[in-house]
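Analysis of the macromolecular model
Residue-level listing of the chains:
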Amino acid sequence: MAVSVAAATRRLRRAIRRSPTWQSPSHRPLSSEPAAAQASAVRAAFLNFFRDRHGHRLVPSASVRPRGDPSLLFVNAGMNQFKPIFLGTVDPRSKMAGFRRVANSQKCVRAGGHHNDLEDVGRDLSHHTFFEMLGNWAFGGEYFKEEACSMAWELLTQVYGIPEERLWVSYFDGDPKAGLDPDLETRDIWLSLGVPASHVLSFGPQENFWEMGDTGPCGPCTEIHYDLADGVGAPQLVELWNLVFMQHNREADGSLQPLPQRHVDTGMGLERLVAVLQGKHSTYDTDLFSPLLSAIHQGCRAPPYLGRVGVADEGRTDTAYRVVADHIRTLSICIADGVFPGMSGAPLVLRRILRRAVRFSTEILKSPPGFLGSLVPVVVETLGDAYPELQRSSAQIADLVSEDEAAFLASLQRGRRIIDRTLRSLGPSDMFPAEVAWSLSLAGDLGLPLDLVELMLEEKGVQLDSAGLERLAQEEAKHRAQQAEPVQKQGLWLDVHALGELQRRGVPPTDDSPKYDYYLRPSGGYEFGTCEAQVLQLYTEDLTAVASVGKGQRCGLLLDKTNFYAEQGGQASDRGYLVRAGQEDVLFPVARAQVCGGFILHEAVAPECLQIGDQVQLHVDKAWRLGCMEKHTATHLLNWALRQTLGPGTKQQGSHLNPERLRFDVATQTPLTPEQLRAVENTVQEAVGQDKAVYMEEVALALTAQVPGLCSLDEVYPDPVRVVSVGVPVAHALDPASQAALQTSVELCCGTHLLRTGAVGDLVIIGERQLSKGTTRLLAVTGEQAQQARELGQSLAQEVKAATERLSQGSRDGVEAHRLSKDIGRLIEAVDTSVMPQWQRRELLATLKMLQRRANTAIRKLEMGQAAKKTQELLERHSTGPLIVDTVSAESLSGATPTFTAEAWALAVCSHMGGKAWGSRVVAQGTGSTADLEAALSTARAYALNQL
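So, here is what we can say about the structure in this document. (Residues numbered from 1 in each chain as written. Predicted model: local features only at pLDDT ≥ 70, side-chain atom pairs only at ≥ 80, totals over all residues. Heavy atoms only, no water.)

Thoughts on the overall build of the chain
Counted only if it meets this: Numbering of helices and strands runs from the N terminus; a helix is a DSSP stretch of H or I covering at least four residues, while a strand is a stretch of E covering at least two. The buried label applies to any residue whose accessible area, calculated with a 1.4 Å probe on protein chains only, is under 20% of its type's maximum; exposed applies above 50%, and partly exposed to all values in between. To be clear on the numbers: accessible area is Shrake-Rupley with a 1.4 Å probe, and residue cover counts the displayed protein chains and nothing else. For this count, His and the chain ends are skipped, Lys and Arg are scored as positive, and Asp and Glu as negative. By convention, charge coordinates are those of NZ in Lys, CZ in Arg, CG in Asp, or CD in Glu.
The number of helices and strands found in the chain is 25 helices and 29 strands. Along the three orthogonal principal directions, the C-alpha set of the chain runs to about 105 × 90 × 60 Å. A burial count over the chain gives 52% of its 948 residues as buried. Working note: accessible area of the chain is about 42,000 Å², and carbon and sulfur atoms make up 52% of it. Placing the 95 positive and 112 negative side-chain charges of the chain at their respective mean positions leaves the two points 2 Å apart.

Right under this line is the structure:
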């Protein structure tokens, strides 16, 4: 019977993972007990239990923004902040190094990356992008399996009062392939606690062996499940709590080694626990969500929430309730922790979450404008006591959400019209064109992510051209690569004949002054204006001048004016789209703009006919432009910081920037030292922290001729020329008596810039190399990328400190020494290839190479000692006889060093005897002839000593 229950439960648990059991309010209540305390009391009971009864230190939740872990978009588990302890890299001087038994409630976000529940939110009754993870930890063997299981059982049954008969447990039943035995110790612990044998199930490594990643600490786990069926029919199990016993380390070669210290790592989702304790069918029916659902009902014109799913959810009303309630919690938590909607990484995911919430609230729930921001106080009310940062940031969160909601609503309305118009032109079996979907996406700056476009089409029963999208994505990647390392005259280009023809016809140069038409809103965001223009000339891909272009044609456009920044001065071209006057629902994507003899040539794709004389409206991709502005202002600050650090004679040799990163070439006599690189960064940080105003003004070129400290490149400038001054008005900066240009950044520049330096956020130099004698190329990132680079650098620095400490303690045996040597090698590769501060990279590499030398020396000493011991053993076993026949392991802890291989050693000896040798680094053989064996042995000994 037990076998059949276990098999049934195995199948059921796998089904649960694919489709959570809580699917319909028609299910019987989860508990016949009276409703338990509110969620805040459940959370407090957990923390108080471990603090007061079992002596745990309570630590606050870490930010959902990962610190020094580029593998994560968001913190997605309670153990994330304790990784340094598990990995053995914790700074021995830090507070964390003293942690022994700890408990907390951790804010977690699973949206994007390996753990991504975003698409499931709303479809069922249990998925969330934000949730709280209750956890307790024991580090360094403070306690292990018996205590962890006993505490968990005591809390669930005695404190929370869950009936014992509703609880099931599972344990690890071993993995013969990995040489792991069943965890019978844990099984026996559960039996001793009174769990019936029929409720104790065993599963393999997929279910009950937990690993941090491809390498690192890992171990068997035991899970506690709750039976929704309450003994009626087959068990319906949902996981409540996972207890992980870290006792192994997964090595780089896939093998498992015992950890020097064992740890306990547990996690229990608060939302699911509260649902069980409150006898609810769904996590959305608990008091964690009911205030939000009530506020949504009051603020919208939608019918009340009924908890329906699937086909029963007519009009997807209840789905929209769940999406909006979940997403506003996630947005509030993330923004309070400093993750703002943006264009890459976690900020891009957050932007997608916000826009998904806007769509469900406006299209399905019929919410009024500004509705999402009005829900923020409800989130603060339900979670603010546990996470005070929400209370401190409440107003900022509401303003930011409302601002982004308003911006997206306009894009959403236009996108919906474009989709409807396109669908009317399609046949019954036609796929939705990839080009239209792409123009609606982030690339076209309408801000409709492709997955959202696909969802909108799915609701209409239309399939998207996925193959076409893949092709466009590859072209986009190629375009980004080209912009990272620009090639002169890439793409369409007007040659001397085309320019001569335009001049002969009297076509005036393009007025591109509208590219400077942007301003800061009171909230701190930038507003970019549109530009009305007329088509003056069209070109085919082979630069043939034509009067019109047709559907799907790649073409070049000349307009009388434009707000697009054409690539020049090292700044990447703008991109975006244009629409014809009176036909705003047809987008003409513009990939780039280039300056050709005073004319701005726009490279575009025409989804429909376009002809000379058409009136158009141009829209720049705001996020792309803002990224370029941020990098360009950062480039000026970097140039100024280099002069401050290296001296006023330091000259810029060139630069290039796009939203991803910036490149700066500087004339130097010698490579920059780590101290100089760090000083440059500190100088930029200071200017950014002061949030100085950036002034831009066109002045007569003659006024700039004699200004001390003003920066310019060796090129021809227009007259009038544009001057960019940081912190000082241009007129004052150009006054020769003020000396202002010696104290701040003042440059001749036609680029687009931030209006205040604070938006740069941060700057980190991540790479440096000598281009030629006297010229150094620097690579740098800003903003969130820079912050991540710093955090990763600090994380790696902690690992190097830990390795130094391990080496200083000495290695008791060869296995431990070998592991340390491999860890140092892994660290060298990680430091060499990671995006981190260059000054720190150079310092850490110097330390690691010194550690590697010391580690190899220690290994050689251990091996020589082992060799001497082995020799003595051989002599004792073969004390008589003319020869020794035995086996000696060829395995070496360190391997032969590159210059001291078995083959080279044999060759040195056999050559001395007039012979030859062959083999590998560790095993070799050879031939030779000599009458003086002692001389040959002396040669072998001398060679070896010389190499060592």
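Here's the deal with the nonpolar core
Formally: To define a nonpolar core, start from buried Ala, Val, Leu, Ile, Met, Phe, Trp, Tyr and Cys residues and group those joined through side-chain atoms within 4.5 Å. Residues are treated as being in contact if the distance between any of their heavy atoms lies within 4.5 Å.
Ile162 and Trp241 are the most contacted members of the largest nonpolar core, which has 119 residues in total. By residue number, the principal contributor to this core is helix H9 (residues 317-336), which donates 11 residues. The residues contacting Trp241, other than those within four sequence positions of it, are Phe46, Phe50, Asn136, Ala152, Leu155, Leu156, Thr222, Glu223, Ile224, Thr266, Gly267 and Met268. Among the nonpolar cores identified, the runner-up in size contains 57 residues, and Ala533, Ala572, Ala641 and Leu672 belong to it.

Focus on the sheet that holds strand S24 (residues 721-726)
The following threshold applies: What makes two strands pair is DSSP finding at least two bridges between them. Note on definitions: angles span 0 to 180 degrees between N-to-C directions of axes, and those axes are lines fitted to C-alpha atoms, for helices only across the stretch in contact.
Overall, antiparallel pairing links the 3 strands, which are arranged S23-S24-S25 in an open sheet. With partners counted over all chains shown, the strands left at the sheet margins are strand S23 (694-699) and strand S25 (746-748), one partner each. Direction aside, neighbouring strands of the sheet carry axes that sit 20 degrees apart on average. Bridge count for S24 against S25 is 3 bridges, and the pairing is antiparallel. Considered in S25, the bridge of Val723 is made with Leu748.

Points about the sheet that holds strand S26 (residues 763-772)
Here 4 strands make up an open sheet; going across it, the order is S21-S22-S27-S26 and the pairing antiparallel. Looking at which strands have only one partner, the edges of the open sheet turn out to be strand S21 (652-657) and S26. Taking each pair of neighbouring strands and ignoring which way they run, the sheet shows an average axis angle of 20 degrees.

Overview of the packing of helix H11 (residues 371-383) against helix H13 (residues 394-424)
Rules: Between 65 and 115 degrees an angle is taken as roughly perpendicular, under 35 as roughly parallel, over 145 as roughly antiparallel, and anywhere else as oblique. By the definition used in this description, the sense in which the near helix is turned from the far one sets the handedness, with an anticlockwise turn below a right angle giving left-handed and a clockwise turn giving right-handed. Under the convention adopted here, Pro, Cys and the residues Ala, Val, Leu, Ile, Met, Phe, Trp and Tyr are nonpolar, Asp, Glu, Lys and Arg are charged, and Gly plus all remaining residues are polar.
Where H11 contacts H13, the two axes come as close as 7 Å, and the packing angle between them is 155 degrees. Classified by the angle their axes make, H11 and H13 are roughly antiparallel. Seen from above, H11 lies across H13 with right-handed handedness. Contacts from Phe371, Leu372, Gly373, Val376 and Val380 in H11 reach Ser394, Ile397, Ala398, Val401, Ser402 and Glu405 in H13. The class makeup of the residues in the contact of H11 with H13 is 7 nonpolar, 3 polar and 1 charged.

Comments concerning the pairing of strand S28 (residues 916-919)
In the sheet, S28 pairs with strand S29 (residues 924-927) via 4 bridges, with the strands oriented antiparallel. Within S29, the residue paired with Lys916 across the bridge is Thr927. Taking the residues that link successive antiparallel strands as the turn, the S28-S29 hairpin has 4 residues.

Things to note about the side chain of Thr752
Put simply, the test is: Throughout this description, a polar contact denotes any pair of N or O atoms lying within 3.5 Å of each other; where both atoms belong to protein, one of them has to be capable of donating a hydrogen while the other can accept it, and for residues adjacent in sequence the pair is counted only when both atoms sit in side chains.
Tracing the chain through its elements places Thr752 in the loop between S25 and S26. Overall, Thr752 belongs to the buried group, its relative accessible area being 0%. Reaching out from Thr752, the side chain makes a polar contact with the side chain of Gln571 at a distance of 2.8 Å. When sequence neighbours within four positions are dropped, the list of residues in contact with Thr752 reads Lys515, Tyr516, Tyr518, Tyr565, Gln571, Arg625, Met629 and His632.

Some remarks on empty space enclosed by the protein
Stated formally: A pocket here means an open set of points on a 1 Å grid, computed over the protein atoms alone, that has protein on both sides within 12 Å along at least five of seven lines. A cavity is instead a set of points where a 1.4 Å probe fits but cannot get out; residues with an atom within 4 Å of a point line either one. Grid points are joined across faces, edges and corners, and a volume is the space filled by probe spheres set on the points.
Per the stated rule, a full pass over the model turns up 4 cavities of 30 Å³ or more. Size it by volume and the largest cavity reaches roughly 60 Å³. As for the largest cavity, its lining consists of Glu119, Arg352, Arg356, Asp451, Leu452 and Leu455. Breaking the lining of the largest cavity down by element, the ones donating at least two residues are helix H10 (345-364) and helix H15 (450-459). The dominant element in the lining of the largest cavity, judged by the number of residues it contributes, is H15, at 3 residues. Estimated volume of the second largest cavity: approximately 40 Å³. Every residue lining the second largest cavity is listed: Pro514, Lys515, Asp517, Phe528, Gly529, Asn563, Val620 and Arg625. Across the lining of the second largest cavity, the residue classes break down as 3 nonpolar, 2 polar and 3 charged.

As for helix H19 (residues 674-689)
For clarity, the threshold we go by: The span expected for a helix works out to 1.5 Å for each residue beyond the first.
The end-to-end C-alpha separation of H19 is 22 Å, in line with the 22 Å expected for 16 residues at 1.5 Å each. Of all the positions in H19, only Pro674, Leu677, Val680, Glu681, Thr683, Val684, Ala687 and Val688 are classed as buried. Next to the buried residues of H19 lie helix H18 (622-646), S26, strand S27 (775-782), helix H21 (783-809) and helix H23 (838-877). Count one or two residues on from H19 and you reach Asp691, which has phi positive near 45 degrees.

Description of the packing of aromatic side chains
Filter applied, for reference: In summary, the pairing rule links any two rings of Phe, Tyr or Trp, Trp by its six-membered ring, whose centres are within 6.5 Å, and it sorts them by plane angle into stacked for under 30 degrees, edge-to-face for over 60 and tilted for everything else. Throughout this description, the term charge over a ring refers to an Arg CZ or Lys NZ atom that lies within 6 Å of the ring centre and within 35 degrees of the ring normal.
Going through the model one piece at a time under the given rule, you end up with 16 aromatic pairs. Here Trp153 and Trp190 contribute two aromatic rings whose centre-to-centre distance is 5.9 Å and whose plane-to-plane angle is 65 degrees, an arrangement assigned as edge-to-face. In this pair, Trp153 sits in helix H4 (residues 145-159) while Trp190 sits in helix H5 (residues 184-192), placing the two residues 37 residues apart along the sequence. Classification of Trp153 by relative accessible area gives buried; the value is 5%. With a centroid separation of 6.2 Å and an interplanar angle of 55 degrees, the aromatic rings of Tyr518 and Tyr526 are classed as tilted. Residues Tyr518 and Tyr526 agree in their burial class; the two are buried. Over the ring of Tyr516 we find Arg722; its NZ or CZ atom is 3.5 Å from the centre of that ring.

Regarding the pattern of salt bridges
Spelled out, the test is: Just to be clear on terms, a salt bridge is a Lys or Arg side-chain nitrogen sitting within 4 Å of an Asp or Glu carboxyl oxygen.
Evaluated as defined, the whole model comprises 43 salt bridges. Lys145 is the partner of Asp183 in a salt bridge, and the nearest nitrogen-oxygen pair spans 2.9 Å. Residue Asp183 is located in the loop between strand S4 (167-172) and H5, and its partner Lys145 is located in helix H4; the two are separated by 38 residues in the primary sequence. Overall, the relative accessible area of 4% leaves Lys145 in the buried class. In this structure, Glu403 engages Arg521 in a salt bridge whose closest nitrogen and oxygen atoms are separated by 2.9 Å. In this pair, Glu403 sits in helix H13 while Arg521 sits in the loop between strand S10 (518-520) and strand S11 (526-528), placing the two residues 118 residues apart along the sequence. Members of the salt-bridge network, linked through shared partners, are Arg316, Arg359, Glu363, Arg416 and Glu459.

These results come straight from atomic positions and should not be treated as a statement about function.
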